[in-house]
Structures are given as C-alpha cells and as structure tokens.
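Chain residues, written in single-letter form:
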Amino acid sequence: MRILMDAGPWLPVPPNGYGGLENVVATLTAELRARGHVVVLATVGDSRLPADGLVSAFPTGQFARLAGPYPEVVGIAHAHAVAVLAALRKHADAGEPFDLVHTHLEVVGPAVLAALGEAAPPVLATLHWDLRRNADFYERFDGRGRVFFAGVSDTQVARGPDAVRRQTVGSVPLSVPIPSEPPLPTADRSDYALLLARMCALKGVDTAVRACRTAGLPLVLAGPVAGLPDAAALDAALADPDHPVHTHPDLAWFTAHVRPLLDGDRARWIGSVTGADKTRLLREARAVLFPIRWEEPGGTAVCEALAAGTPVVAMARGCLPSLVEHGRTGFLASDEAGFAAALHRVGDIDPAVCAAEARRRFAPAVMTDRYERLYGEVLRRAGVSYARAG
C-alpha cells in the first residue's frame, strides 16, 4: 500500500523531547515500512525518520508559534495542508497515486481533504484531541464517503458528537517502542517520582508537586512550558518583549501555580528530555504521575512509563482507566488526597508486570495490526478494491 502519513507542521518526527503525536507517527511509520508499505511522510524539514519521501511546508517545527495570537497562527496548519495537496497531485500525475492518506493534523487535515471529494484518496484521520475542543466542527463534519476517523481510545470517541462517531471506524490505543532490556526491580530504582508532560493546568502539575510533598517523594518535572523546551529558552524568550510567550496562558499558569512550589531539589523542573536521558528517567523512576484535570484522549506517556516497567499513578479520568489496571500496573485516584495516598503504595507494583502488559497491549506491532485493519475498512467504505491497496 502507498500511504501518505501526515504528521502536521508542529514538531519533527521523531520529536526532540515532547511530542506524543509525533512519537506515534514515528513508531507507526517505521513498522509499516518494515511490513513492505511505501510511506511518504508529511512533516517538517528537519525530521530525521527514514521514509519513502518527505513533504514539508516549513524547515523546522512550528510548535513554539502556537503561543501567538490566532491571526498569526491560523495559517500554519493550512500552509502545511497546501503542501500535502501538492504532493497528492504530484504523485498522481507521476502515475503513483496514494492508496490512502493517514492524517494526524486535527481539524484542518480532514476538512481540506474532505473538500476534495472523490478527487481525494481514501483518508483515515486519527483523532488525538478531546473532541469537545472543536465540537462545532465535528458535529457538522461530512467526510463525503472519503474521510473517516480513528480514535485513540473508546472514551475519547464516546465523548464526540454523533456525526463524528458515525464516521469513526474504530479506536487504536497508542503505541511506544518496547525496551529490549528487562525493567529495573523496585529495589534498584531511585526515589523520585516523574511527571512527563507539557507544563499546564490540564496536566495537574501543581497537584503532583503537592502530592509528592505530602508523600515525602522527590519530584522531577520533565516537559516544555509554553512551547519552550527548558529554563534557558524560557528565560531568553522572556527577555524579548516581542516574543509571543508573554501572552501564552501556560506561562501565566506555570508562573503563578508551579514555579513558587519548586525548590530545585525535592521538586524541580528540568525541561524537555529525549533519547538516553528520557529512557533513564523513565527506567529509574519510582512512579510516573498523571494527575490530569481533563478527559485525556490517548496517553502516550502512560504507555512509555509502563513499557519501562514503571508504575503509574493517575487520576481516573479520560482514557486512564483503560490503560492502568488499578492495583496491578498502578493506581487510580479521584482526588488529591487519594493521589498522595497512592504514592505510598507504588512499591507494591511489580515492574515486570507493567512491562509485560505494555508489550502485550502497546507494542508497535499491536498498533500497526489494528491500523492495517482500519485501512482495509476505510478502503472498503470508500469503494476502493483491496487489490489496488495490496
């Protein structure tokens, strides 16, 4: 099958640290190519993932520009979509049309491709956000028999409008690479808890700091603030009076609710992490925390934690109850007091069980198997023969 995999213009594939969507695209693309599919990747120019072609409108990721005012941001995704349309025409004119487009560009991807009608290849759009964020769009969307959706969890799809649920062919839990080495036993781990996420109110970062203080655990916060990767980048942006970070709501929230709680020792923010540093942090942590305040749709970092054999402590919201088995691979709480209490029990969780469950449920082959089935269903609904896709 010839697939155009659209990751959007926000971060390179794979990302340099934060970027759950881009990590999923990297994992899926590599697995599909290993199975013999031709995959052309639509992303940004500095992406390093091997693929059968690269489509880009921007040389680097545009994630930091999301901090700008709407009139300065709205054209970014559309410029990327124009490059995707040009690639579709180019390959069709060369006699090598795509059998399917798999887009991860929320809202703009399905909207632009649906507007092509039958001129578009069949499209599968993976939904990575809470569908209530853009309910006005999704409750009116008509894929015209060419564009269909996949969720990243059943709970995410269930929260969507009727129109998008009717056009959804299934849900596929996210996947992460599975480490080759066995997980560290509890006795060999460090004493810190880890929060691996964007620093914002929805992720409940302040809850994590207070709960760890109550439980007597050190906490490491790893992730960007307002699209900026670390303290040095944040300070440089703040020194520029014209930088859009000054109006970013995540910065105001972090400054008011998290920074005063940090002491550089028992609670510290280290910025985005990647590669060996990220692997080490996940592998050595006592637990990874998800004190979320929203209906989390997918939870890539949850899968990463379990793959490292690290127990998860989370609020029982969104997809978390479907990813974490309470008392076996982690603990689910309903409030801050319960969250803090659960931190005292993480030593009861066997890291080997966490890793085994991650391999069974979140391995790249598992996700790719499910996507291949959904690709077939999209082609069937679009009236395209399987012979053409083979």
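It should be emphasised that the depicted structure is a prediction, and the values quoted were computed from it without experimental measurement. All residue numbers refer to positions counted from 1 along the written sequence of the respective chain. Totals for whole chains, interfaces and linings use all residues, but because this is a predicted model, local features are given only for residues with pLDDT of at least 70 and pairs of side-chain atoms are given and counted only at 80 or more. To get the side-chain values, take all heavy atoms of the structure and skip hydrogens and water.

S.K.: Is there a simple way to explain the overall build of the protein chain in this structure?
M.R.: Numbered from the N terminus, helices here are DSSP runs of H or I no shorter than four residues, and strands are runs of E no shorter than two. A tally of regular secondary structure across the protein chain gives 16 helices and 13 strands. Note on method: radius of gyration uses C-alpha positions; expected globular size equals 2.2 Å times residues raised to 0.38. Whereas a compact globule of 390 residues would reach a radius of gyration of roughly 21 Å, the protein chain reaches 21 Å, a difference of no more than 12%. Burial classes follow relative accessibility: with a 1.4 Å probe on protein chains only, a residue under 20% of its type's maximum area counts as buried, one over 50% as exposed, and anything between as partly exposed. Within the protein chain, the proportion of its 390 residues that are buried is 56%. In this description, contact between two residues means that some pair of their heavy atoms is separated by no more than 4.5 Å. Long-range contacts, defined here as pairs at least 24 residues apart, represent 68% of the contacts in the protein chain between residues at least 6 apart.

S.K.: Sorry if this is basic, but what is going on with the packing of helix α11 (residues 300-307) against helix α14 (residues 351-362) here?
M.R.: The axes of two packed helices give the description: the angle between them and the distance between them. Here the axes come from fitting lines to C-alpha atoms, over the contacting stretch only for helices, and the angles between their N-to-C directions go from 0 to 180 degrees. Closest axis-to-axis distance for the α11/α14 pair is 7 Å, and the angle between their directions is 130°. Classed by the angle they form, the pair α11 and α14 counts as oblique. Touching C303, L306 and A307 of α11 are C354, A355, A358 and F362, all from α14. Throughout, the ten residues Ala, Val, Leu, Ile, Met, Phe, Trp, Tyr, Cys and Pro are labelled nonpolar, Asp, Glu, Lys and Arg are labelled charged, and all others, Gly among them, are labelled polar. Along the lines of polarity and charge, the residues of the contact of α11 with α14 split into seven nonpolar, no polar and no charged. An angle counts as roughly parallel when it lies under 35 degrees, as roughly antiparallel when it exceeds 145, as roughly perpendicular when it falls between 65 and 115, and as oblique in every other case.

S.K.: What should I look at first to understand the packing of aromatic side chains in this one?
M.R.: What characterises a pair of aromatic rings is the spacing of the ring centres plus the angle enclosed by the ring planes. Here a Phe, Tyr or Trp ring, Trp counted by its six-membered ring, pairs with any other such ring whose centre lies within 6.5 Å, and the pair is stacked when the planes are under 30 degrees apart, edge-to-face when over 60, and tilted otherwise. Scanning the model with the defined rule gives six aromatic pairs in all. Both rings, one in F137 and one in Y138, keep their centres 5.0 Å apart while their planes meet at 75°; by these two values the pair is edge-to-face. Arranged with centres 5.3 Å apart and planes meeting at 45°, the rings of F137 and F141 form a pair that is tilted. Residue classification places F137 among the partly exposed positions, given a relative accessible area of 22%. Here the aromatic cluster, defined as three or more aromatic residues joined through ring pairs, consists of F137, Y138, F141 and F149. Whether a charge sits over a ring comes down to the Lys NZ or Arg CZ being within 6 Å of the ring centre and within 35 degrees of the ring normal. Of note, R2 hangs over the ring of F98, and the distance from its end group to the ring centre comes to 5.5 Å. Just above the ring of W129 sits the side chain of R133; from NZ or CZ to the centre is 4.6 Å.

S.K.: How should the nonpolar core be read in this particular structure?
M.R.: The nonpolar side chains of a soluble globular protein tend to be buried with one another. Ranked by size, the top nonpolar core spans 70 residues in total, and within it L194, L219, L221, L289 and F290 carry the most contacts. Apart from the residues lying within four places of it in its own chain, the contact partners of L194 are L219, V220, A222, L281, L282, A285, A287, V288 and L289. For the purposes of this section, nonpolar cores are sets of buried Ala, Val, Leu, Ile, Met, Phe, Trp, Tyr and Cys residues that join through side-chain atoms within 4.5 Å. Core analysis: the second largest hydrophobic core is formed by 30 residues, A7, V24, V25 and L374 among them.

S.K.: Which parts of the structure should I look at to understand the sheet that holds strand β8 (residues 193-196)?
M.R.: Within the open sheet, the six strands sit side by side as β10-β9-β8-β11-β12-β13. Their pairing is parallel. Only two strands of the sheet have a single neighbouring strand rather than two, namely β10 (267-269) and β13 (330-333). Across the sheet, the mean angle from the axis of one strand to that of its neighbour is 20°, orientation sign disregarded. Of the strand pairs in this sheet, β8 and strand β11 (residues 287-290) are connected by two bridges, and their pairing is parallel. Residue pairing across strands places L194 opposite V288, the latter belonging to β11. Paired strands, as defined in this entry, are two strands with at least two bridges between them according to DSSP.

S.K.: Looking at this structure, I do not really get the pattern of salt bridges. What am I missing?
M.R.: Two side chains carrying opposite charge are able to pair once their charged atoms lie near each other. What makes a salt bridge here is a side-chain nitrogen of Lys or Arg within 4 Å of a carboxyl oxygen of Asp or Glu, nothing more. For the coordinates displayed, the defined rule picks out 23 salt bridges. Note that D162 is salt-bridged to R165, the shortest N-O span being 2.3 Å. With D162 and R165 both in helix α6 (residues 162-166) and three residues apart, this pair spans about one turn of that helix. Accessibility expressed as a relative area gives 46% for D162, which makes it partly exposed. Look at R165 and you get partly exposed, because its relative accessible area is 35%. One connected set of salt bridges, linked through shared partners, spans E31, R35, D369 and E372.

S.K.: Explanation requested: the sheet that holds strand β2 (residues 38-43) in the structure shown.
M.R.: Within a sheet, adjacent strands bond to each other through the backbone by hydrogen bonds, running parallel or antiparallel. Overall, parallel pairing links the seven strands, which are arranged β3-β2-β1-β4-β5-β6-β7 in an open sheet. Two strands bound the open sheet, and with one partner strand each, they are β3 (54-56) and β7 (168-171). Going across the sheet, the axis of each strand differs from the next one's by a mean of 20°, ignoring polarity. Pairing of strand β4 (residues 100-103) with strand β5 (residues 123-126) involves three bridges; the strand directions are parallel. When the sheet's bridge partners are listed, T103 is paired in β5 with A125. Each of β1 (2-6), β4, β5, β6 (147-151) and β7 is contacted by helix α15 (residues 364-381), which is oriented at about 175° to β7, the strand it contacts most.

S.K.: Please clarify how unusual backbone geometry should be interpreted in this entry.
M.R.: Trans peptide bonds make up the majority, and among non-glycine residues the majority have a negative phi. Omega for the bond connecting V13 with P14 falls within 30 degrees of zero, at -5°, which places this linkage in the cis form. We note that R144 has phi near 55°; this positive angle belongs to a residue other than glycine. Within the secondary structure, R144 sits in the loop between α4 (135-138) and β6.

S.K.: Sorry, what's going on with the domain arrangement of the protein chain here?
M.R.: How big an interface is tends to be stated in terms of the accessible area lost upon association of its parts. Note that the domain bounds reflect an automated or database-derived domain assignment. Each assigned domain of the protein chain is listed here: domain 1 (2-174 + 363-382) and domain 2 (193-361). Computed over C-alpha atoms, the centres of domain 1 and domain 2 are 27 Å apart. Counting residues at the interface gives 23 residues for domain 1 and 25 residues for domain 2. Between domain 1 and domain 2 lies a buried interface of about 1,800 Å² when both sides are counted; carbon and sulfur atoms form 62% of it. Here a polar contact means two N or O atoms within 3.5 Å. Within protein one must be a hydrogen donor candidate and the other an acceptor candidate, and residues neighboring in sequence count only if both atoms are side-chain atoms. In this assembly, domain 1 and domain 2 are joined by two residue pairs in polar contact (both at pLDDT 80 or more). By definition, the buried area sums, over both parts, the 1.4 Å-probe accessible area that each loses when the two are put together.

S.K.: Would you explain helix α9 (residues 249-257) in this entry?
M.R.: Helical periodicity: at 3.6 residues per turn, an α-helix aligns residues three or four positions apart in one direction. Buried within α9 we find D250, L251, W253 and F254. The arc that holds every buried residue of α9, seen down its axis, measures 165°, which confines them to one face. Opposite the buried face of α9, by more than 90 degrees, sit the exposed residues P249, A252 and A256. Looking at the packing, one finds that the buried side of α9 touches α7 (205-215), α8 (231-238) and β10. By construction, the arc corresponds to the directions joining the helix axis to the C-beta atoms.

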